[in-house]
Amino acid sequence: GYDVTRSPDRTPLSAWLVALSPAGLAVLAGGARADDAPAAPASTAAPAWEGALGLMLNHGPTYQGSADSRTRLVPGFFLRYGRFSATNAGGFVTKRNDDVERGVSAELLRRDDLRVNLSARFDGGRDAGSDPALDGLPDVRPTLRLRLAAVKRFAHGWQLTGSVSPDVVGRGGGTVAEAGLGREWRLSPTLRATMGTTTTWADSRYLRSYFGIT
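Predicted model only: the values in this text are computed from it and were never measured. (Residues numbered from 1 in each chain as written. Predicted model: local features only at pLDDT ≥ 70, side-chain atom pairs only at ≥ 80, totals over all residues. Heavy atoms only, no water.)

Asker: What am I meant to see in the overall build of the protein chain here?
Answerer: For the protein chain, the helix and strand inventory stands at one helix and ten strands. Starting at the N terminus and ending at the C terminus, the protein chain contains elements arranged as β-β-β-β-β-β-β-β-β-β-α. For the protein chain, the proportion of its 214 residues judged to be buried stands at 28%. Expressed as a percentage of contacts within the protein chain between residues at least 6 apart in sequence, the contacts between residues at least 24 apart total 39%. Element-wise, carbon and sulfur atoms account for 59% of the exposed surface of the protein chain, whose accessible area totals about 14400 Å². (Helix = DSSP H or I, 4+ residues; strand = E, 2+ residues; numbered from the N terminus. Buried < 20%, exposed > 50% of the residue type's maximum accessible area, 1.4 Å probe, protein only. Contact = heavy atoms within 4.5 Å. Areas by Shrake-Rupley, 256 points an atom, 1.4 Å probe, with all protein chains shown as cover.)

Asker: Teacher, can you tell me more about the packing of aromatic side chains here?
Answerer: Two aromatic rings, taken as a pair, are described by how far apart their centres are and by the angle between their planes. If you walk through the whole model with that rule in mind, you get two aromatic pairs. On the numbers, 4.8 Å between centres and 45° between planes, the contact of Trp49 with Tyr81 is tilted. In this pair, Trp49 is assigned in strand β2 (residues 49-61) and Tyr81 in strand β3 (residues 69-81), connecting sequence segments 32 residues apart. A relative accessible area of 32% means that Trp49 is categorised as partly exposed. Taking NZ or CZ as reference, Lys152 lies 5.9 Å from the ring centre of Phe154, over its face. (Phe/Tyr/Trp six-rings, centres within 6.5 Å; stacked < 30°, edge-to-face > 60°. Lys NZ or Arg CZ within 6 Å of the ring centre and 35° of its normal.)

Asker: Would you mind showing me how to read the side chain of Arg126 here?
Answerer: Structurally, the position occupied by Arg126 is in the loop between β6 (114-123) and β7 (143-153). Despite being buried, Arg126 has no salt bridge partner; Asp139 is the closest side chain of opposite charge, sitting 6.9 Å away. Look past the residues within four positions of Arg126 in its chain and what remains in contact with it is Tyr63, Leu134, Leu137, Pro138, Asp139, Val140, Ser209 and Tyr210. (Lys, Arg positive; Asp, Glu negative; His and termini not counted. Salt bridge = Lys/Arg side-chain N within 4 Å of Asp/Glu carboxyl O.)

Asker: Would you mind showing me how to read unusual backbone geometry here?
Answerer: Positive phi values are uncommon outside glycine, yet His156 reaches one of about 65°. As for its position among the elements, His156 is in the loop between β7 and β8 (158-166).

Asker: Any chance you could explain the pattern of salt bridges here in plain terms?
Answerer: Opposite charge on two side chains allows them to pair when their charged atoms are near. Counting across every chain of the model gives nine salt bridges. The shortest N-O distance in the salt bridge between Arg110 and Glu107 comes to 3.3 Å. Using a relative accessible area of 34% as the deciding quantity, one classes Arg110 as partly exposed. Residue classification places Glu107 among the buried residues on the basis of a relative accessible area of 8%.

This is how it looks when you write it as structure tokens:
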């Protein structure tokens, strides 16, 4: 997708679709005159604003547990200001090479080996009319979820992930928690590959809503 970044001093970018990486400027002073103004130090701060637009190709079951699948092309957006971000889809990767949390997110802790985020996201529930196999079952109502997530990084690209996501307005969504193990390979300064596995736990309220038979 198109990627647009605006730096804190509002300096315009000369091109889109060019990956930017932090760069330092070295100033060599030799034989400077007395009336020369001192050179300003280079800024290494991350961009204040960052954004992206694109199309996401999704392939998966028509509903959780379905034997039928579907493929969809979904527009996606991402916007970040400092520690805060908003996006309608996961999978975006930013200039800082961070995976983006879906929803409206705030970065609570950021270290080289640990990152903690809190996000609020819309859960669309499930429409019983979306598939003939769900005929006769009640709809699962849309709701709002909070998600507290952490990523712990280790040597050689290994990382552990964990999250918990409750239904905060009590509309039958229950609580879901995840734990995962993954590995990342840096193929170049602008290209990486990842592989991982995740296990999901859900409470009885969630299981009754999505897998119960009334």
